[in-house]
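What the coordinates show
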Amino acid sequence: MSPIRVVVWGLGAMGGGMARLIAAKEGLALVGGIDTRSEYVGRDVGDVLDLGRTLGVTVTDEPTSVLHADQVDCVVIATTSWVREQMDDLRTILSAGINCVSIAEEMSCAVAQNPELAEELDALATAHGVSVVGTGVNPGLSMDTLVVALTAGCHDVTAIEATRVNDLSPYGPTVMRTQGVGLTPEEFDKGVADGSVDGHIGFPESARMISDAIGLGVDRIEQRREAIVSSVRRETPHIVVEPGMVAGCKQTLLGYRGDEVVLTLVHPQQVLPELEGQGTGDYITIKGVPEIHMQITPEYAGGTATKGIAVNVIPHIVQASPGLKTMLDLPIPAALMGPSAYRRRV
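Sequence order as written defines the numbering, with residues in each chain counted from 1. Owing to the predicted nature of the model, reporting of local features is limited to residues with pLDDT of at least 70; listing and counting of side-chain atom pairs is limited to 80 or more, with chain, interface and lining totals taken over all residues. Hydrogen atoms and water are omitted, and side-chain values are computed over all heavy atoms in the structure.

Details of the overall build of the chain
The condition is simple: Numbering of helices and strands runs from the N terminus; a helix is a DSSP stretch of H or I covering at least four residues, while a strand is a stretch of E covering at least two. Atoms considered for the radius of gyration are the C-alpha atoms alone. The globule rule reads 2.2 Å times the number of residues to the power 0.38. Relative accessibility under 20% of the residue-type maximum defines a buried residue, over 50% an exposed one, and the middle range a partly exposed one, all with a 1.4 Å probe and only protein chains included. Every residue pair with non-hydrogen atoms within 4.5 Å of one another is taken to be in contact. Accessibility throughout is a Shrake-Rupley quantity obtained with a 1.4 Å probe, and a residue counts as covered only by protein chains that appear here.
Counting its regular elements, the chain contains 10 helices and 15 strands. In terms of overall size, the chain behaves like a compact globule, its C-alpha atoms giving a radius of gyration of 20 Å where 346 residues would be expected to give roughly 20 Å. Along the longest, intermediate and shortest principal axes, the C-alpha atoms of the chain span 55 × 50 × 35 Å. Relative to its 346 residues, the chain shows a buried fraction of 52%. Taking all contacts inside the chain whose residues are at least 6 apart in sequence as the whole, residues at least 24 apart take part in 70%. Counting only carbon and sulfur atoms, one obtains 50% of the accessible surface of the chain, whose full area is about 14800 Å².

Here's what the structure looks like:
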């Protein structure tokens, strides 16, 4: 079996981690790296990634120089969270006749908030005989795909609740800023109002995936973001949070069918939650027949799992029928531990 040839676009914390994993898999071949950082351009990818070996592949800031369908099977892109910001790059990839895996949160179900762009992506991928999917640990797994999978044995579902409690401390300044960490409560509220405090990106996508998959009938969603104010001092390599300052953001989505709440998603994210006795974890409750309660403690590790899912789904997106996909359109991804894992057909 010939290895699947992969280019990674964006070699930051997430993209670089995915590139290292790709380079370690016998069934995958890392054949290109794209990045705009001047300190990366022109260097061997193996050197940039500190692999301890060269790969004979040079980082470029000119995507069209490496995106050739006879040399590349798939691009994994890690550049932004938003469909609109990634759209030009996705057009370049798909127009070159190359499959794509994106970790942009909105790409997990692009139709949820960007229906026109989703239609364009589907048409473009279909016209060029390739496929594209958005994925990650959340959205992409813990609060949507896993939820849907747990309903497989249900006769009836009346309501769903999913909560993910995670630790933000491994993340850098950008995430801290978008979550409002280190702000005063008043600054946090102002940031929510002006859009500078985004909180979690991806709840509308998760809600759409769940509702469409099981026919839950969600016709309206409401979101709110609340400051998690610390009562103790918390310090990470990137930020210090004093008592009375914001340690994170609790985000809630309510999905309505008519006047009834049938879907509740809750995502409190904060730095070092254990300092106030809060453990991390993923919790899912499905009300219906039968009723299901699931918990994973500690949390399904965010950054690590996103890298893994994006890489493990590569064989499926390469083998998929053309078009824009969600994780629910593909076989369940699994760790790529041997030849059989690369051969499942869609």
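The rest of the description comes next.
A short note on the pairing of strand E6 (residues 131-134)
Along any regular strand, the residues point their side chains to alternate faces of the sheet. Worth spelling out the cut-off: Looking down the strands as they point away from you, a crossover is right-handed if its path from the first strand over the helix to the second goes clockwise.
Here E6 shows a buried face lined by Ser131 and Val133 and a second buried face lined by Val132 and Gly134. With respect to chirality, the unit in which strand E5 (residues 99-102) leads through helix H4 (residues 115-127) into the neighbouring parallel E6 is right-handed.

Here's the deal with the side chain of Arg234
Counted only if it meets this: Nitrogen and oxygen atoms within 3.5 Å of one another constitute a polar contact, given that in protein one can donate a hydrogen and the other can accept it, and given that sequence-neighbouring residues count only through two side-chain atoms.
Assignment of secondary structure puts Arg234 in strand E9 (residues 234-235). Residue Arg234 is classed as buried on the basis of its relative accessible area, which comes to 1%. A polar atom in the side chain of Arg234 sits 2.7 Å from the backbone oxygen of Val271. Beyond its immediate stretch of four places on either side in the chain, Arg234 contacts Ile239, Val240, Val241, Ala247, Gln270, Val271, Leu272, Pro273, Leu275 and Glu276.

Points about the sheet that holds strand E11 (residues 246-257)
Worth spelling out the cut-off: Should DSSP find at least two bridges between two strands, the strands are taken to pair. Working convention: axes come from line fits to C-alpha atoms, limited for helices to the stretch in contact. Angles between N-to-C directions cover 0 to 180 degrees.
Judged by pairing direction, the sheet is mixed, and its six strands sit side by side in the order E8-E11-E12-E7-E13-E14 without closing on themselves. Looking at strand neighbours, the two that pair on one side only are strand E8 (220-229) and strand E14 (292-296), the edges of this open sheet. Ignoring which end each strand starts from, the neighbouring axes of this sheet average 10 degrees apart. Relative to strand E13 (residues 281-289), strand E7 (residues 156-167) is paired through nine bridges, and the arrangement is antiparallel. Paired with Val165 across the strands is Gly281, a residue of E13. Those strands touched by helix H7 (residues 185-194) are E8 and E11, and its axis lies near 155 degrees from that of E8.

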